[in-house]
Amino acid sequence: MADDEDEAMRRKTGKDEPRKKKKKKKPKADDGAAEGGADGEAPLKKKKKKKKKQPLDEEEGGGQNAADGDVDDGDKKPAAKKKKKKKKQPDQLEASSDLQQEQDDYNGGVAVAAAVAASAAGAYQQTNGADMGEEKKKKEWDDNNATYYNGEDGDVEMAVQNGNYDEAYCFEADTEIMAEIQQDNTVQVDESGGIQAFVAETIEIDGDDVGIIKSDAEIEAEEKRKYVKWFGAAVCCLVIVVMAIAIPLTLKFTNNVVNRTRYVSDPPTEPPSQMPSIMPSGQPTSAKFMEIVDFLTPLSGNALKVQGSPQYKAAMWMESGDMMPNSRGGTGLSIEDPGFTQRYIMALFYYAMDGDNWVQKQGWLSEKSECEWFGVDGFSAGCGAEGIGGCIKRSDFEGDYNKVCRLSMGRLNNLFGEFPKELGQLEEMRYVEIQDDWLIGTIPDDLGRGWRKLHTFLIGGNVMHGGIPSSFANNEFLGTVFIDRNNFNGTWPTVFDTLKNLEWLDAEGNDFTGTLSPGIGELKSLRIFNVNNNSISGALPDTFDETNLIEDFEVAYNKISSTLPESLGKAKFLKDLRASGNQITGGIPISYYKLKNLEELYIDDNRIVGELPQTYEPFYDGLQELSVHTNKGIKGRFPVENFENTLRVKVIELHNTELTGQISENICGRLDPSLSYTRLKTITVDCDKVKCSCCTCYKDGKVVSTYP
């Protein structure tokens, strides 16, 4: 009968021989273990050993014996020949070779580790009709020894256990579910719709529903994907928030930033070959503008042809923007007018110094005469008068005009730019002041050549660099020069030695190097000389005499390594000597003791040695500020008696020296805040060497106590 059933099955499937897997040998178990498996407890699992496939007859026989449990491992004969593995057919699904069963309580169902394609994907619904009785439903089914066949319509599946078709299970696979499984890549479905073999780690059966339980690795991978998505979304949100904050702030703080572009009068490149390309689009070939450019080219060069340059803008203003009435009944000057060049230069200064952003710019580029514009209008020594503003009157002479002689833009007026070299054409210039603004670049040589009548040049507190052009040499009028708090550098300019009428030179806070020239001492008119905070080295000039008018001589915080100049003691008008923060050696010259006008003596933080004069000397009478601290070589007794009778002293700094003695109560009484002009403001000593009840005490160069 088995042969008839085999033949019938071969006709049904169209196969000569159905291929089956040899059932693995079951381990022996007692009745209690079998009954425990029947009661729902998890059966023992055993890893399956791969076996060589046998011919069909032997395979069926071996499977039957294995099912009955009568054949031992020793009774089995090895296969005579290893059967070649055939390619799977579309209508035939084989179970996976490595299977593990796992059973656990879950809503009355069973979690099974299996390699059943339809069961693992939840793609079928088991049919338990008339062909299968209640007894078969409860019968334990071993998928390891089952063979699955496709039906003719591709939807009906048959599972045969151990070649026994009487115990065959039939089930119907839902094609829609199979399509979904195929889409999810859970189960491989071939072209005919059949399910190919796959291995699911764990499946879940709940009644008629079957589903795959994801492994820990799959769950972790899915969580990582979710995390990446949420992290990406959070980063995007953060970027949007940052941009939403940064863009308005950037716009807010850049609204007032002016785009400043510097131009030079003579750019190194050649002008464009075609004039229309550099002219405004509205009037590219203005005849008047061409005339102006040709007329001013010897003065301003090719910069006139560079659109946007200060020279170009000034020429355009002279061509069409100037509304000053002329002698012909119109507005604006022509190149034939005597004052045309001067007015152009003043307009050029406005554009070169970013005039649109000045704090004060009254009258500039208006219809008024340039002599009445802010900074030009006014009076300086030898310059300006009522009715003509800051100009030298020359209009009384036929063919002449009033000449600009002052340019006083004051302080903090927000000028920004370079000095145009064309300013040197204003040969009547007497007074120039642009301080604490944003002058950049260097001082043009043309200014020194043209401003031969200049007597005051104040450009302190800017950001200029370079040196002082030699073209300023031998200027007989130049008496006051402020170039302090800039970035001027290079060797100390000897051009100052030639300014015989120089009275006030302030070059503090730059980066001049080299040595001060002896010619400084030969400037008999020099009253104030300040080169504090530079990098000057070497020796101090020692060429002073009784004819010098020097009052302030300040060389503090440089790199000077000489002694104090002996000849400076002959300068009878000397009031202020500041040489702190250098490497000066030697003692205080005896000639200084006779300086009865000396008020301030700052020689601290050097390498000075010796004693303070113990006897009464004239310089004690006028001395108001004495600072000798941080000179380890100064020693001896502090002559306190020479300070007892003076009411002018304000500062006494003696700490970090080797001075000894005692500060009297009379001097301490001068610290009284109720005193005004005669009040002593500061007194410092090393309290372990000098006894004092009111001093600020130092020890090892550090403050240890203060008074009060």
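Bear in mind the structure is a predicted one, so any value in this text is a computation, not a measurement. (Residues numbered from 1 in each chain as written. Predicted model: local features only at pLDDT ≥ 70, side-chain atom pairs only at ≥ 80, totals over all residues. Heavy atoms only, no water.)

1. Topic: the sheet that holds strand β30 (residues 633-637)
Here comes step 1: Strand order in the open sheet made by the four strands is β28-β30-β32-β34, with parallel pairing throughout. Lying at the two open borders of the sheet, with one neighbouring strand each, are β28 (609-610) and β34 (690-691).
Here comes step 2: Strand direction decides the pairing type here: β30 and strand β32 (residues 658-662), joined by three bridges, are parallel. Within β32, the position partnered with G636 by the bridge is L659. (Pairing = 2+ DSSP bridges. Helix = DSSP H or I, 4+ residues; strand = E, 2+ residues; numbered from the N terminus.)

2. Description of the pairing of β32
Here comes step 1: As paired elements, β32 and β34 share two bridges and run parallel to each other. Note on β34: the bridge partner recorded for G661 is V690.

3. Points about the packing of aromatic side chains
Here comes step 1: Applying the stated criterion to the full structure yields 24 aromatic pairs.
Here comes step 2: Measuring from ring centre to ring centre gives 6.5 Å for F488 and F512, while their planes differ by 5 degrees; the resulting arrangement is stacked. Highlighted residues: F488 in strand β19 (residues 487-491) and F512 in strand β21 (residues 511-513), separated in sequence by 24 residues.
Here comes step 3: Summarising the aromatic geometry, the rings of F529 and F553 are spaced 5.7 Å apart at their centres and angled 20 degrees between planes, so their arrangement reads as stacked. Linking F529 in strand β22 (residues 528-530) with F553 in strand β24 (residues 552-554), this pair joins segments that are 24 residues apart in sequence. (Phe/Tyr/Trp six-rings, centres within 6.5 Å; stacked < 30°, edge-to-face > 60°.)

4. As for the packing of helix α8 (residues 287-300) against helix α9 (residues 310-321)
Here comes step 1: Axis separation between α8 and α9 bottoms out at 10 Å; the angle between their running directions is 135 degrees. The orientation of α8 with respect to α9, classified from their angle, is oblique. Here α8 and α9 pass one another in a crossing that is right-handed. Residues K288, F289, I292 and S300 of α8 lie in contact with α9, whose contacting residues are Q311, Y312, A315, M316, M318 and E319.
Here comes step 2: Of the residues contributing to the contact of α8 with α9, the split by class is six nonpolar, two polar and two charged. (Axes fitted to C-alpha atoms, helices over the stretch in contact; angles between N-to-C directions. Parallel < 35°, antiparallel > 145°, perpendicular 65-115°, else oblique. Left-handed = near helix turned anticlockwise from the far one by under 90°. Contact = heavy atoms within 4.5 Å. Nonpolar A, V, L, I, M, F, W, Y, C, P; charged D, E, K, R; others polar.)

5. So, the pairing of strand β36 (residues 702-705)
Here comes step 1: As defined by bridge partners, strand β35 (residues 696-699) adjoins β36 across three bridges and the pair is classed as antiparallel. Of the residues in β36, the one forming a bridge with K699 is K702.
Here comes step 2: Taken together, β35 and the strand that follows it, β36, pair antiparallel across an intervening segment of two residues, in which D700 is found at a positive phi of about 55 degrees.

6. Regarding helix α10 (residues 340-352)
Here comes step 1: Across its 13 residues, α10 extends 18 Å between first and last C-alpha, which sits within 8% of the 18 Å expected from 1.5 Å per residue.
Here comes step 2: If you check which residues of α10 are buried, you get F340, Q342, R343, Y344, I345, M346, A347, L348, F349, Y350 and A352.
Here comes step 3: Packing partners of the buried residues in α10 comprise α8, α9, β11 (403-404), β12 (406-411), β13 (416-418) and β14 (431-435).
Here comes step 4: Following α10 by one or two positions, D354 has its phi on the positive side, about 55 degrees. (Expected span 1.5 Å × (residues − 1). Buried < 20%, exposed > 50% of the residue type's maximum accessible area, 1.4 Å probe, protein only.)

7. A closer look at α9
Here comes step 1: With 12 residues, α9 ought to run about 16 Å at 1.5 Å a step, yet its terminal C-alpha atoms sit only 14 Å apart, falling short of that.
Here comes step 2: When you tally the buried positions in α9, you get nine out of 12 residues, the bulk of the element.
Here comes step 3: When we look at burial in α9, the residues that qualify are P310, Q311, Y312, A314, A315, M316, W317, M318 and E319.
Here comes step 4: Elements in contact with the buried residues of α9: α8 and α10.

8. Digging into the state of the cysteines
Here comes step 1: In the structure shown here, the tally under the stated rule is five disulfides.
Here comes step 2: The disulfide partner of C383 is C405, and the gap between their sulfur atoms is 1.6 Å. Negative torsions about the S-S bond denote left-handed disulfides, and the value of about 85 degrees found for C383 with C405 makes this one right-handed. Residue C383 is found in the loop between α10 and β10 (391-392), and its partner C405 is found in the loop between β11 and β12; the two are separated by 22 residues along the sequence.
Here comes step 3: With relative accessibility at 1%, the residue C383 sits in the buried group.
Here comes step 4: For the chain, the bonded cysteines connect in the pattern 1-3, 2-4, 5-8, 6-10, 7-9 when numbered consecutively along the sequence. (Disulfide = S-S within 2.5 Å.)

Coordinates in, geometry out; function isn't part of it.
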